[in-house]
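Per-entry structural report
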Amino acid sequence: MKGYDGKEYAIGDRVELHPGCDLWMRGARYGTVVGSSLTPVDRVKVELDKLPNRKFSCAEDMLRKIA
């Protein structure tokens with residue numbers, strides 16, 4: 001999977017949402033990749049730090065790997 005910065009990330013990596021996302025603007029900026037689905041529009045499942053009881057999915061290019 002490639003992030004919006006062009007760098008690769010994988011399941012288990014820490015990621016940051018794109019600053020243009022509504023969730024990013026609401027403070028849910030970081031999370032961990034927990035899965036993906038291979039469909040015509042690839043989706044990545046993320047568990048966000050601010051909302052740990054819910055999993056969110058988004059396009060793979062709406063995330064970037066953080067250290």
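Everything below is about the structure printed above this text.
Here's a quick rundown of the structure. None of these values were measured; they are calculated from a predicted model.

**Considering the overall build of the chain**
- Of the regular secondary structure elements, the chain holds 1 helix and 5 strands.
- Taken over C-alpha atoms, the radius of gyration comes to 11 Å for the chain, in line with the 11 Å a tight globule of 67 residues would show.
- Each principal axis of the C-alpha distribution contributes one length, and for the chain these read about 30 × 25 × 20 Å.
- The proportion of buried residues among the 67 residues of the chain is 28%.
- Counting only contacts in the chain whose residues sit at least 6 apart along the sequence, the fraction spanning at least 24 positions is 36%.
- In the form shown here, the chain has an accessible surface area of approximately 4300 Å², with 53% of it arising from carbon and sulfur atoms.

**Let's talk about the side chain of aspartate 13**
- Mapped onto the fold, aspartate 13 is located in the segment before β1 (14-17).
- In this structure the side chain of aspartate 13 is engaged in a polar contact, spanning 2.7 Å, whose partner is the backbone nitrogen of alanine 10.
- Not counting residues up to four positions away in its chain, the partners in contact with aspartate 13 are Gly31, Thr32, Val33 and Lys65.

**Details of the pattern of salt bridges**
- In the structure shown here, the tally under the stated rule is 4 salt bridges.
- Across the pair lysine 55 and glutamate 47 runs a salt bridge whose closest N-O atoms are separated by 3.1 Å.

**Some points on the pairing of strand β2 (residues 30-37)**
- Note: β1 against β2, 3 bridges, orientation antiparallel. When the bridges of β2 are listed, glutamate 16 appears paired with tyrosine 30.
- Bridging between β2 and strand β3 (residues 43-48) involves 6 bridges; their strand directions are antiparallel. By the bridge assignment, glycine 31 is partnered in β3 with leucine 48.

**Notes on the packing of aromatic side chains**
- All chains considered together, the criterion is met by 0 aromatic pairs.
- Across from the ring centre of tryptophan 24, 4.1 Å away, lies the NZ or CZ of arginine 29, which sits over that ring.

**Some words on the environment of arginine 54**
- When you line up the elements, arginine 54 lands in the loop between β3 and β4 (55-59).
- The exposure class assigned to arginine 54 is exposed, which follows from its relative accessible area of 52%.
- In the structure, arginine 54 is positioned 12 residues away from isoleucine 66 in sequence and 21 Å away in space, judged by C-alpha atoms.
- Ignoring anything within four residues of it in the chain, the contact list for arginine 54 reads Val46, Glu47 and Leu48.

Thresholds, definitions, all that
- All residue numbers refer to positions counted from 1 along the written sequence of the respective chain.
- For this predicted model, a pLDDT threshold of at least 70 governs which residues receive local features, and a threshold of 80 or more governs which side-chain atom pairs are given and counted, while totals over whole chains, interfaces and linings are taken from all residues.
- With hydrogens and water stripped out, all remaining heavy atoms of the structure feed into the side-chain values.
- By definition, any uninterrupted DSSP run of H or I lasting at least four residues is a helix, any uninterrupted run of E lasting at least two residues is a strand, and each is numbered from the N terminus.
- Restricting the calculation to C-alpha atoms gives the radius of gyration, and the globule rule supplies 2.2 Å times the number of residues raised to the power 0.38.
- Burial status follows relative accessibility: with a 1.4 Å probe on protein chains alone, a residue under 20% of its type maximum counts as buried, one over 50% as exposed, and anything between as partly exposed.
- Pairs of residues are marked as contacts when any of their non-hydrogen atoms sit within 4.5 Å.
- In this description, accessible areas are obtained by the Shrake-Rupley approach with a 1.4 Å probe, and a residue is regarded as covered only by the protein chains that are shown.
- Distance and chemistry together define a polar contact, namely a pair of N or O atoms within 3.5 Å, with one atom able to donate a hydrogen and the other to accept it when in protein, and with adjacent residues in sequence counting only for side-chain atoms on both sides.
- Here a salt bridge means any side-chain nitrogen of Lys or Arg lying within 4 Å of a carboxyl oxygen belonging to Asp or Glu.
- In this scheme, strands are said to pair when DSSP sees at least two bridges between them.
- Centres within 6.5 Å are what make two rings of Phe, Tyr or Trp a pair, Trp counting through its six-membered ring; a difference in plane orientation under 30 degrees is then read as stacked, over 60 as edge-to-face, and the rest as tilted.
- In this scheme, the term charge over a ring applies when either NZ of a lysine or CZ of an arginine sits within 6 Å of the ring centre and within 35 degrees of the ring normal.

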